[in-house]
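If you want the building blocks of each chain, they are given just below.
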Amino acid sequence: MKTNAERILELKKERNAVILAHNYQRAEVQDIADFVGDSLELSQKAAQTKAGAIVFCGVHFMAETASIVNPDKVVLVPDAGAGCPMANMITAEQLRKLKAEHPGATVITYINSTADVKAESDYCCTSANGVRVVSSIDAKDIIFVPDQYLGGFIEKKTGRKMILWPGYCPTHVKILPEDILTRKKEYPNAKVVAHPECRPDVVALADEALSTSGMIRYAARPEVKELIVATEVALLHRLAKENPGKKFIPASTKAVCPNMKKTTLEKIVEALEAMQPEVKVPEEIRVKAIACVDRMLKIG
């Protein structure tokens, strides 16, 4: 009997499919993927792929983004229930109300948002390029949704005051300043990296605040031997795999995203066999949302 991994490789060829996995996916899912990356890298890969079908191992908004940039391709998400609590913290209606309160403001939406919210936005950004996106915009007033912590981090980096929405990542807020201080006592020679979705008092204790792709580049530096990592714990699989001989320490073992863990090899097999569940953004939403995603991809 074939293993799930063997069956996935077979089905992938049959379906002309590419498997994209986020850095927070289970280790075995990362290992079977054609490409593993952060939200920006995965959006770029989705836009460039020649495959007929995309299996998006992540959460729902990521599959939606792939559908926005690939209207003619089949985009599958192995578990339709893999959502993002932060993305659900703002609706298109709430954003329209906020825009009405600040007429003329430019809206920048974090990629961790629904297609409906992107359709109401001027620019999209990720944690990897948020500072670049904000710096590139000549606007008096900027609304930033939904992550207040990433927004606050970008404000500090750019010196631009923005209108922030009180959203947050429930996984990253589990990482506390005392976790960092405890780890630093245990590993006094270790460097500390924190994701900008973390609370500001956690980011303040880090040597660098970086997206997951930034953390991967940082970990590869020859002078980095031990690294305390303040983000979702699954990133440590890739860090260890790409940096043998180095030590990676989770800032908190509580930083586990339950939605990212919903995708399994078995569910990928089922998705490729049935070509379901498919994520398809309605065309009237897609044509409005594509502009903000395209602007993000152009900035890179």
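Residues numbered from 1 in each chain as written. Predicted model: local features only at pLDDT ≥ 70, side-chain atom pairs only at ≥ 80, totals over all residues. Heavy atoms only, no water.

A. Structural detail: the overall build of the chain. The number of helices and strands found in the chain is 14 helices and 12 strands. Oriented by its inertia axes, the alpha-carbon framework of the chain measures out at about 55 × 50 × 30 Å. Here the chain holds 300 residues, and 56% of them are scored as buried. Here the contacts in the chain between residues at least 6 apart in sequence split such that 62% fall between residues at least 24 apart. Distance from the positive charge centre (41 side chains) to the negative charge centre (38 side chains) of the chain: 3 Å. (Helix = DSSP H or I, 4+ residues; strand = E, 2+ residues; numbered from the N terminus. Buried < 20%, exposed > 50% of the residue type's maximum accessible area, 1.4 Å probe, protein only. Contact = heavy atoms within 4.5 Å. Lys, Arg positive; Asp, Glu negative; His and termini not counted. Charge placed at Lys NZ, Arg CZ, Asp CG, Glu CD.)

B. Looking closely at the packing of aromatic side chains. Using the criterion set out here, one finds zero aromatic pairs in the structure. It is Lys 45 that lies over the ring of Phe 35; its NZ or CZ is 4.8 Å from the centre. (Phe/Tyr/Trp six-rings, centres within 6.5 Å; stacked < 30°, edge-to-face > 60°. Lys NZ or Arg CZ within 6 Å of the ring centre and 35° of its normal.)

C. Structural detail: the packing of helix 11 (residues 212-219) against helix 12 (residues 235-242). Packing of helix 11 against helix 12 leaves a shortest axis separation of 10 Å and a crossing angle of 30°. Judged by the inter-axis angle, helix 11 sits roughly parallel to helix 12. Between helix 11 and helix 12 the crossing geometry is right-handed. Packed against helix 11, whose contacting residues are Thr 212, Met 215, Ile 216 and Ala 219, the element helix 12 presents Leu 235, Arg 238, Leu 239 and Glu 242 at the interface. Grouping the constituent residues of the contact of helix 11 with helix 12 by class yields five nonpolar, one polar and two charged. (Axes fitted to C-alpha atoms, helices over the stretch in contact; angles between N-to-C directions. Parallel < 35°, antiparallel > 145°, perpendicular 65-115°, else oblique. Left-handed = near helix turned anticlockwise from the far one by under 90°. Nonpolar A, V, L, I, M, F, W, Y, C, P; charged D, E, K, R; others polar.)

D. Examining the state of the cysteines more closely. This structure, assessed with the given rule, holds zero disulfides. For the unlinked cysteine Cys 57, the closest cysteine sulfur is that of Cys 257, found at 14 Å. The buried category is assigned to Cys 57, whose relative accessible area is 0%. Here Cys 84 is not cross-linked by a disulfide; its sulfur's nearest cysteine counterpart is in Cys 169, at 6.8 Å. (Disulfide = S-S within 2.5 Å.)

E. Geometry of the sheet that holds strand 12 (residues 247-250). The strand order 10-9-11-12 describes an open sheet built from four strands, whose pairing is parallel. If you trace the sheet from one side to the other, it starts and ends with strand 10 (208-209) and strand 12, each paired once. Where strand 11 (residues 226-230) meets strand 12, four bridges bridge the pair, whose relative direction is parallel. Each bridged residue has a counterpart across the sheet, and for Ile 228 the counterpart in strand 12 is Ile 249. On top of the sheet, helix 9 (residues 177-186) reaches strand 9 (191-194), strand 11 and strand 12; it is set at about 170° to strand 11, its chief contact. In the packing of helix 12 onto the sheet, contacts are made with strand 11 and strand 12, and the angle to strand 12 comes to roughly 175°. (Pairing = 2+ DSSP bridges.)

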